[in-house]
Amino acid sequence: MVPSAEDSIRGQIRTEISSITPFDELESLHIADALTWVDSGVELFRVSKPAVPPKHLVSYFAVVDHDHILLVDHINAGLWLPTGGHVEPGEHPRRTVAREIQEELGISAAHAIEAPLMLTCTLTTGNRAGHMDVSFWYVIQGDRSQQLNYDRGEFHSIAWFPFDAIPFEKSDPHMNRFVQKLKRKFAG
């Protein structure tokens, strides 16, 4: 029997989750929860805004230039976040990164999009609070001197932050852990 398109993408998403080496116990719990969720057969993709189903996939992509990260002042979330977006029905999360980097920053990744560095399960805050984002965290190599044409409908502004000057208190609750994992990856 030939697997359906839905089974195929579900398997690909499972593989993407399984490729991640956990940073800590919390990430181990998030990965286990996400794998159970994927295996449950429920809808994985947001099919209606703002939050149907109430748990769905997101692809963050952290644009990094050496010891700096690009963050966006996200209008709806009210936080400084990495760029990213919801994974569309049937879309591979890496394809989401390729689509969203063009839509949100007006550029293309200068390299192949590699496996995600991290996975988190986060209850959202801000204007559209109260649903669960299962978020892949990808890393895109950037260049602070590159001109970016960001989406002013989604972001108040964008800024490059040195790793030691990120406004963690006004960011994703997992940002500090992500940066620590990123530093460990580049140091190793």
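Now for a description of the structure that goes with this document. (Residues numbered from 1 in each chain as written. Predicted model: local features only at pLDDT ≥ 70, side-chain atom pairs only at ≥ 80, totals over all residues. Heavy atoms only, no water.)

## Overview of the environment of Val-42
For Val-42, the location among the structural elements is in the loop between α2 (25-39) and β1 (55-65). Spatially, the C-alpha atom of Val-42 lies 9.6 Å from that of Lys-55, the residues being 13 residues apart in sequence. Ignoring anything within four residues of it in the chain, the contact list for Val-42 reads Arg-10 and Trp-37. (Helix = DSSP H or I, 4+ residues; strand = E, 2+ residues; numbered from the N terminus. Contact = heavy atoms within 4.5 Å.)

## Quick notes on the environment of Thr-120
If you trace the backbone, Thr-120 turns up in strand β5 (residues 118-123). On a C-alpha basis, the gap between Thr-120 and Phe-161 in space is 22 Å, while along the polypeptide they are 41 residues apart. Look past the residues within four positions of Thr-120 in its chain and what remains in contact with it is His-30, Asp-133, Val-134, Ser-135, Trp-137, His-174 and Arg-177. There is a polar contact of 2.9 Å between the side chain of Thr-120 and the side chain of Trp-137. (Polar contact = N/O pair within 3.5 Å; in protein donor to acceptor, adjacent residues only side chain to side chain.)

## Brief notes about the nonpolar core
Counting residues in hydrophobic clusters, the biggest one holds 52 residues, and the most contacted among them are Ile-13, Ile-17, Leu-57, Ile-69, Leu-105, Leu-119 and Phe-178. Other than its neighbours up to four places away in sequence, Ile-13 contacts Val-38, Leu-44, Phe-45, Leu-57, Pro-93 and Phe-136. (Core = buried A, V, L, I, M, F, W, Y, C linked by side-chain atoms within 4.5 Å. Buried < 20%, exposed > 50% of the residue type's maximum accessible area, 1.4 Å probe, protein only.)

## Focus: the environment of His-174
Mapped onto the secondary structure, His-174 falls in the loop between β7 (155-162) and α4 (175-187). Overall, His-174 belongs to the buried group, its relative accessible area being 8%. Residues His-174 and Ala-77, spaced 97 residues apart in sequence, show a C-alpha to C-alpha distance of 14 Å. Residues contacting His-174, with those up to four places away along its chain left out, are Leu-26, His-30, Thr-120, Cys-121, Thr-122 and Trp-137.

## A look at the side chain of His-92
Mapping His-92 onto the fold places it in the loop between β4 (83-86) and α3 (93-105). Among the polar contacts made by the side chain of His-92, one reaches the main-chain amide nitrogen of Arg-94 at a distance of 3.0 Å.

## With respect to the layout of surface pockets
Unfilled space is identified by rolling a water-sized probe across the atoms. Estimated volume of the largest pocket: approximately 780 Å³. As for the largest pocket, its lining consists of 36 residues, of which His-74, Asn-76, His-86, Asp-133 and Glu-154 are closest to the centre. Of all the secondary-structure elements, those providing two or more residues to the lining of the largest pocket are β1, β3 (79-81), β4, α3, β5 and β6 (132-141). Split into classes, the residues belonging to the lining of the largest pocket amount to 11 nonpolar, 13 polar and 12 charged. Put simply, the second largest pocket is a space of about 300 Å³. Every residue lining the second largest pocket is counted, 17 residues in all, and those nearest its centre are Ala-115, Pro-116, Leu-117, Val-139 and Lys-185. (1 Å grid on protein atoms, 1.4 Å probe; cavity = no way out; pocket = protein on both sides within 12 Å on 5 of 7 lines; lining within 4 Å. Points joined across faces, edges and corners; volume = space filled by probe spheres on them. Nonpolar A, V, L, I, M, F, W, Y, C, P; charged D, E, K, R; others polar.)

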